[in-house]
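Inside the fold
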Amino acid sequence: MFTNESELEQRLARPSAALVADLAEGRGDLVVLGAGGKMGPSLCRLARRGLDAAGRTGDRVYAVSRWTDRAAAGALAADRVEPVPFDLLGDADLGGLPDATDVVFMVGAKFGTSAAPYLAWVVNAVLPAAVARRYPAARIAAFSTGNVYPMVPVGSGGCAETDPTGPVGDYAMSCLGREQVFAHAAATRGTPVAVLRLNYAVDLRYGVLADIGHAVLAGEPVDVTTGHVNVVWQGYANEVALRSLRHATPEVFTLNLTGPETAPVRRIAARMGERLGRPVTLTGTEAPTALLNDATRCHALFGYPDVPLGTLVDWQADWLAAGLPTSGKPTKFAVRDGRF
């Protein structure tokens, strides 16, 4: 069990032997764009430690963000990650960004975009074009989302990478736009690209499990209308992102990134109630469809997540019971109309 955020960060930044081996095959500096978000700091720390373990101590990790939180930037600097203050939207010239052999693109706009859809399109589809022009020869791993798929029957096992996309709403459509913009760079410039369609990373301060646990702890009803979800340990998601750089190609390597389970919200809530010692109230009736991804390809290439779902649920409940910090930002995983 974790007793503070520092211990959690240490666990998230622990590189596996497989990651170290993959990083040992590469060379050059890494730029992480959008490094100030929920997943960025832990990915940067993981990269730094993985590179060091691989003997690449001279290769640099640049963490690009506006860095309005100077304490977060300072904490990264203390871990030998180099924060780069930069407004990716406000500065039309990205020439001021560091050169790099590898780029991880983590920038995205989701919440609030139903009221300002133009923001979703500018951040999710226009900015990638500028990034692709800035880094035409770099390997790029770009985070996308499972929202580019339609909702599918719960018993289907989820959408595979070869299934048709079917985004609903401006957020999902603009994220598919992001994928297509990077695909254009791959086709016209030969840029090696990997696209990661992520469904719900969990780091205890944020995620679907935190949303469910908060409701149970507060004695609020848990809505099971969206009754099934995919989740995955954030440490695994970050590791796959870094390892996917080796698979980036001009043909675009597309990967669903999530856990192996179609997890029932009802059962997660029940387990949370047991762990927290609270009664659980449910509302709604499970819909026959949900946003689900089949990550078979991911697990075949990179192995199963090292933290199983049951452990994640227990960790999450214990984190909340201890009153440890959370982001206060819900995932809105239950939204079914694409309006965020």
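Above this text is the structure in question.
The following paragraphs examine the structure supplied in this document. Worth saying up front: this structure is predicted, and the values here are computed from it rather than measured.

The rules behind the values
The residue numbers shown here count from 1 along each chain, following its written sequence. pLDDT decides what is reported in this predicted model: residues at 70 or higher carry local features, side-chain atom pairs at 80 or more are listed and counted, and totals for whole chains, interfaces and linings draw on all residues regardless. In computing side-chain values, all of the structure's heavy atoms are included and hydrogens and water are not. Working definition of a nonpolar core: buried Ala, Val, Leu, Ile, Met, Phe, Trp, Tyr and Cys residues. They are joined through side-chain atoms within 4.5 Å. Buried, partly exposed and exposed residues are distinguished by accessible area as a fraction of the type maximum, computed with a 1.4 Å probe on protein chains only: under 20%, between the cut-offs, and over 50%, respectively. Numbering of helices and strands runs from the N terminus, with a helix taken as a DSSP run of H or I at least four residues long and a strand as a DSSP run of E at least two residues long. By the convention used here, residues are in contact when the closest approach between their heavy atoms is within 4.5 Å. Any Lys or Arg side-chain nitrogen found within 4 Å of a carboxyl oxygen on Asp or Glu counts as a salt bridge. Here, strands pair whenever DSSP counts at least two bridges between them. Only the stretch in contact is used when fitting a helix axis, every axis being a line fitted to C-alpha atoms; angles between N-to-C directions are given from 0 to 180 degrees. Working definition: a ring pair exists when centres of Phe, Tyr or Trp rings (six-membered ring for Trp) sit within 6.5 Å. Plane angles under 30 degrees give stacked, over 60 give edge-to-face, the rest tilted.

Describing the nonpolar core
Counting residues in hydrophobic clusters, the biggest one holds 72 residues, and the most contacted among them are Val104, Phe143, Ile212, Leu257 and Met272. Top element by residues in this core is helix H11 (residues 309-321). It accounts for six residues. In this structure Phe143 touches Met39, Leu43, Val104, Phe105, Met106, Arg178, Leu196, Leu198, Ala237, Ala241 and Leu257, once residues within four positions along its chain are discounted. In this structure, Leu94, Phe105, Val107 and Ala186 belong to the second largest nonpolar core, which totals 27 residues.

Details of the pattern of salt bridges
Applying the stated criterion across every chain yields a total of 20 salt bridges. The residue Glu82 makes a salt bridge to Arg60 at a minimum N-O spacing of 2.7 Å. Of the two residues, Glu82 sits in strand E3 (residues 82-85) while Arg60 sits in the loop between helix H3 (40-53) and strand E2 (61-65), which places them 22 residues apart along the sequence. By relative accessible area, Arg60 is classed as partly exposed at 37%. Notably, a salt bridge pairs Asp203 with Arg205, separated by 2.8 Å at the nearest N-O pair. Here Asp203 falls in the buried class, since its relative accessible area comes to 4%. The exposure class of Arg205 is buried, given its relative accessible area of 13%. One network of salt bridges, in which partners are shared, links Glu5, Glu9, Arg45, Asp79, Asp203 and Arg205.

Remarks on the sheet that holds E3
Strand order in this open sheet of seven strands is E3-E2-E1-E4-E5-E7-E12, and the pairing throughout is parallel. Of all strands in the sheet, those bounded by a partner on one side alone are E3 and strand E12 (253-257). In this sheet, adjacent strand axes meet at a mean angle of 20° when their direction is disregarded. Of the strand pairs in this sheet, strand E7 (residues 193-198) and E12 are connected by five bridges, and their pairing is parallel. When the bridges of E12 are listed, Leu196 appears paired with Leu255. The sheet strands contacting H3 are strand E1 (30-33), E2, strand E4 (102-105) and strand E5 (139-145), and the helix crosses E2 at an angle near 170°. In the packing of helix H6 (residues 169-189) onto the sheet, the strands contacted are E4, E5 and E7, and the crossing angle to E5 comes to about 160°.

Focus on the environment of Pro128
Relative to the helices and strands, Pro128 is located in helix H5 (residues 117-134). Judged by relative accessible area, Pro128 falls into the buried class, the value being 0%. Put simply, Pro128 and Gly108 are 20 residues apart on the chain and 10.0 Å apart in space, counted from C-alpha to C-alpha. Ignoring anything within four residues of it in the chain, the contact list for Pro128 reads Phe105, Val123, Arg178, Val181 and Phe182.

Topic: the packing of aromatic side chains
Counted by the stated rule, this structure contains five aromatic pairs. For the pair Phe2 and Trp315, a centre-to-centre distance of 5.0 Å together with 75° between the ring planes defines the contact as edge-to-face. Here Trp315 lies in helix H11 and Phe2 lies in the segment before helix H1 (5-12), a separation of 313 residues in the sequence. Among the residues examined, Phe2 registers a relative accessible area of 9% and is labelled buried. For Trp315, a relative accessible area of 17% translates into the label buried.

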